[in-house]
Amino acid sequence: MKSRNLIAAGALFGAVALALTGCATNETGTNDSSGSTSSLSGTLTGTGASSQGSAQEAWIAAFQTANNAVTVNYSPDGSGAGRKAFIAGGADFAGSDSALSDDELASTFTACAAGTSPVEFPAYISPIAVVFKVEGVTSLNLDADTLAKIFSGAITTWNDPAITALNPDASLPDATITAVHRSDDSGTTKNFTDYLHTVAPTAWDQDPADAFPFTTGEGAKGTSGVIDAVTNGTNTIGYADLSKAGSLAVASIKVGDSFVVPTAEGGAAVVNDSPVVEGRGAGDIAIKINRSTTDSTHYPLVLVSYLIGCEQYSDSAKGALVKAYFDYVTSADGQATAATAAGSAPLSADLSAKVAAVVATIK
Amino acid sequence: MSTTASTTSSLISGQLKKRVPWLLLVACIAVAGLVLGIAGLSNGGTIPFDPVGGLIVGFILYGIAIYAVSRRVENPRKAKDRLVTAVVSGAFILALTPLISVAWTVLSNGLARFDVAFFTQSMRNITGDGGGAAHAITGTLLITLAATIISVPIGLLTAIYLVEYGRGNFAKAITFLVDVMTGIPSIVAGLFAYGLFSLFFGAWIRVGIGGAVALSVLMIPVVVRSSEEMLRLVPNELREAAYALGVPKWLTIVKVVIPTSIAGIATGITLAISRIIGETAPLLVIAGFTSSMNYNLFLSTPGSPNPMMTLPVFVYDSYANPGANVQPYLDRAWAAALTLILIVMLLNLIARLIARFFAPKTSGR
Amino acid sequence: MTTATKPKGGKPITRLGDRIFSRSTFVAGAAILAVLAAVAIFLVAQSLPALLTDPANLKGEPSSFWAYVGPLVFGTLWSATIALVLALPVAIGIALFISHYAPRRLASILGYIIDLLAAVPSVVFGLWGIKVLAPAVQPLYTFLVDHFGWIPLFSGPVSGTGRTILTAAIVLAVMILPIITALSREVFLQTPKLHEEAALALGATRWEMITMAVLPFGRSGVISAAMLGLGRALGETMAVAMVLSPSTVVSFALVTSVNPNTIAANIALNFPEAFGVNINALIATGLVLFVITFIVNFIARWAVNRRKDFSGAN
């Protein structure tokens, strides 16, 4: 008898608990009252760069609202994992902070129709800001050489001559610099180190890589981890997507002879003026960013993230879905959505025309 | 002090009055607070007055003071005793500090988003404000339920085996292995589930049932341990009485032994659930992230992962991967943390209620 | 064993129900054996590729897998040891407070309050550690480095964020506190009343009674409690993953930005983004962690069993 009471009590508790979380109100209801004229349906799985994560969230939200029967899942597992999963057929498209390597291009793409090649194009451009928190300092000028020395541990105090020479007006304290870097692999680190390596090769002798090459400084997980560490710490400096900088002070970077504040426009401008990597297929827009630009309207410390898909999918329904999704992402509308939600720099008109031509070929 | 020293009564001479330690404690904390306050002010107010620091310094002062006073008035042995009393009580208060701090932080930060929308909405199509953790709560309940369904039969039957049947090396081996299982780190359980499922499906595997398997690995030993203890408490006289009436052994167990210990077993199971429901690491590895509601513990479409969000992972994900505007994500993380703590406390409460209301009238002892 | 003994003489009658039931309990027991074997087999099987591959394929390109896992093992042991050093005295203090100092009526409530700490999920502790504890202790770290920097443990440069191994260890200490406290309390309460009363009757103070009667009796119990706490600290994942600023170093410094990472935290941080042989490498580190915790728990059980043999309490 007692056990029966218990079971009843347990069942009641379970039923109440389930009833409480019956279904999500923001998910149901919209399906029936569909105002959309879309005939698309199905599920798209994307995986890749976490830098695109919040932009993808916004794109997916808008795309799913317009196409009720479609579910898009983007898991921000990292660029390398994304490319790998896409090649192996585990994902329908990939987001990646670096273009496919030659080795990867030579491999067989499981999701694509036999004999066709993948497409890739920039979809997300975000300036990387150098953020800092030093008592009483609101603006800071840095050149690539000094920046490289700060993050490699060669400069350890804020009133180091190299920094004071660039900032004669600032009252920099005699305090240790805590330089915060990403502890996980990230395209942000790769672009940041690529900039340092290209512009200041003697101060930064390490090749650009996803993983931060030195053991000095403080590691933090993810963009938010870096922002958190810089915000909660004292005398800290770090690098992160401009959109996540929030209320933190942002350093200006020396370009040519002037110091440039990071802006979305500056980031888009440098990408627009950078050359496309030669010797690749027509559907492959891989960009070699001109880091050593001297144009003061450019902000060369910028991250470009690509979308990778098939020219022709072996499943044509999938191809139609991917095409529609990519179409939206690269449209002016989609880029504006990302700019509001993730603070990215919209593609320039030139570039977006080129990208649109590529997307149009997807089958 | 002079008043205590000059007490004339011979019985209590050389002994501190009962209220003296308390007065001394209050005085020390007041002095510490005052000194720290003045130090803070003289610094130009750059160091804000810290009540926790004041209490700690005050307590240290008290330890020194009570030792000195007692040594003077009483004797070194008593002084040592009083010092230890202070230290031991201090340890208890020290342990309360993080508890109160955690409770306060979670409450004050979590209430901001502890609203209806939080429990009725998922994160699908939500990029900034609003949204909720309905999908994560559902995922947690489903995965925990599945883990319970896997663990309880295995755990309970094993406990019955150990108590009623188990003899010799096999029983000893199981007892030992249950001990080993108790010590498996949760992340290793997650890796095991991942290894198991990825071998059959592929490296991309993320599925709710995998989370349930991982949690079962953690839950089974707890269920075995607690059920075993409870079954052993059932007095042998009950079993013997049943056998004497000609009741088969299995019916004796089902009708006599288990009903007698059911309250204890149910309490143990509830506590085991409360232990695993807050696990993050294994679910992070095998159940993955999603922003949509998912009622399906298994793979829906062959060849593609079917991740399921859970509350602990939701807390971690909201903190680690926020959107452009961080604050709403943090608010949701704290609200989810609050929900999680409330669920665990509720389970503990239920366990206690079961123990109280369903306990057999005649105690087993 | 509490079971009824078999009736003597003659074969007992076996019924179908009996056979099915006893068989199913046996199968459940065997299932546990199978699960544990499966855990071991799958971990080993998934680890092998990492051990066999060219180390250049591993993250950070170490000279061998062991060079990869070495600093992690150190970090795991080091953080857990600090946590234990911090938690053990406090836990013993609390256990004594509840068992021998607090008023009888309050004792169980106070015990329950400490148990509440165990009810807080680790991810919440992680969130609290990074948002509340780390900023709160950072000034203390600056003070330590400024004034005690000559002690190698507190050598600089101080971390500007407080996300150091000491902070992580404090969080771990808070998390293992309830386990050690609960077990020690149980042992202290089992001290034979006669021993305690005898000591008091001879004029001992309460502390002398504790040192003479309670602590010697409870020593092995406390040791096993400490080992179980250590085991928990070794495997704790989220709190460390969220709080610590990790590097791949072997360093004893407590309050700098450069801290050794732990195995469990390393897995949690890198697993979502790992692919290919790096997944196997992470699983292999998990296997190493499994072995370490197994050894620690084994020592704990051994201490408990030894105590059972010698004490008259059970």
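Residues numbered from 1 in each chain as written. Chains lettered and ligands numbered in written order. Predicted model: local features only at pLDDT ≥ 70, side-chain atom pairs only at ≥ 80, totals over all residues. Heavy atoms only, no water.

Novice: With reference to specific residues and values, describe the overall build of chain B.
Specialist: The secondary structure content of chain B amounts to 14 helices and 0 strands. Listing each helix as α and each strand as β along chain B from the N terminus yields α-α-α-α-α-α-α-α-α-α-α-α-α-α. The burial tally for chain B puts 54% of its 365 residues in the buried class. A fraction of 73% describes how many contacts in chain B between residues 6 or more apart in sequence connect residues 24 or more apart. Looking at chain B as shown, the accessible area adds up to about 15800 Å², and 69% of this sits on carbon and sulfur atoms. (Helix = DSSP H or I, 4+ residues; strand = E, 2+ residues; numbered from the N terminus. Buried < 20%, exposed > 50% of the residue type's maximum accessible area, 1.4 Å probe, protein only. Contact = heavy atoms within 4.5 Å. Areas by Shrake-Rupley, 256 points an atom, 1.4 Å probe, with all protein chains shown as cover.)

Novice: Describe the domain arrangement of chain B, with residues and values.
Specialist: Residues and elements named next belong to chain B. Domain annotation for chain B reports domain 1 (2–112) and domain 2 (116–358). Relative to domain 2, the C-alpha centre of domain 1 lies at a distance of 43 Å. With 7 residues of domain 1 at the interface, the matching set in domain 2 holds 6 residues. Among the residues domain 1 hides against domain 2, the three largest losses belong to Val-106, Asn-109 and Gly-110. Together they make up 71% of the total. Inspection of the domain 1/domain 2 interface yields 0 salt bridges. The interface formed by domain 1 and domain 2 includes 0 residue pairs in polar contact (both at pLDDT 80 or more). Among the residues forming the side of domain 1 that touches domain 2, the class breakdown is 4 nonpolar, 3 polar and no charged. (Domains from an automatic or database assignment. Buried area = accessible area lost by both parts, 1.4 Å probe. Salt bridge = Lys/Arg side-chain N within 4 Å of Asp/Glu carboxyl O. Polar contact = N/O pair within 3.5 Å; in protein donor to acceptor, adjacent residues only side chain to side chain. Nonpolar A, V, L, I, M, F, W, Y, C, P; charged D, E, K, R; others polar.)

Novice: Describe a nonpolar patch on the surface, with residues and values.
Specialist: Taken together, Phe-176 of chain B together with Val-291, Phe-294, Ile-295, Phe-298, Ile-299 and Trp-302 of chain C make up a surface patch of nonpolar side chains, about 650 Å² in accessible area. For the nonpolar patch, the leading source of residues is helix α10 (residues 277–310) of chain C, giving 6 residues. With respect to the element layout, Ile-295 of chain C can be found in helix α10. Using a relative accessible area of 46% as the deciding quantity, one classes Ile-295 of chain C as partly exposed. (Patch = residues over 30% accessible without salt bridge, like charges linked within 9 Å, V, L, I, M, F, W, Y side chains within 5 Å.)

Novice: Tell me about the packing of helix α4 (residues 76–110) of chain B against helix α4 (residues 122–148) of chain C, and please be specific about residues and values.
Specialist: At a minimum axis distance of 10 Å, the contact between α4 of chain B and α4 of chain C shows a crossing angle of 90°. With respect to each other, α4 of chain B and α4 of chain C are oriented roughly perpendicular. Taking contact as the criterion, the partners of Pro-98, Ser-101, Val-102, Thr-105 and Val-106 of chain B in α4 of chain B are, on α4 of chain C, Val-124, Phe-125, Trp-128 and Val-132 of chain C. A per-class count over the contact of α4 of chain B with α4 of chain C returns 7 nonpolar, 2 polar and no charged. (Axes fitted to C-alpha atoms, helices over the stretch in contact; angles between N-to-C directions. Parallel < 35°, antiparallel > 145°, perpendicular 65-115°, else oblique.)

Novice: Any chance you could break down helix α3 (residues 79–88) of chain A for me, citing the residues and the numbers?
Specialist: Residue and element names in this part refer to chain A. Burial of α3 is extensive: 7 of the 10 residues sit out of reach of the surface. Listed in full, the buried residues belonging to α3 are Ser-79, Gly-80, Ala-81, Gly-82, Arg-83, Phe-86 and Ile-87. Buried-residue contacts for α3 involve β1 (42–48), β3 (93–96), α4 (102–106), β4 (118–133) and β12 (302–310). Phi turns positive one or two residues past the end of α3, at Gly-89, with a value near 90°.

Novice: Please set out the sheet that holds strand β11 (residues 258–260) of chain A residue by residue, giving values where relevant.
Specialist: Residues and elements named next belong to chain A. Here 3 strands make up an open sheet; going across it, the order is β5-β10-β11 and the pairing mixed. Of all strands in the sheet, those with a lone pairing partner are β5 (141–142) and β11, marking the two edges. Sheet topology note: the β5/strand β10 (residues 252–255) ladder contains 2 bridges and is parallel. Its bridge partner being in β10, Leu-142 is matched across the sheet by Ile-253. (Pairing = 2+ DSSP bridges.)

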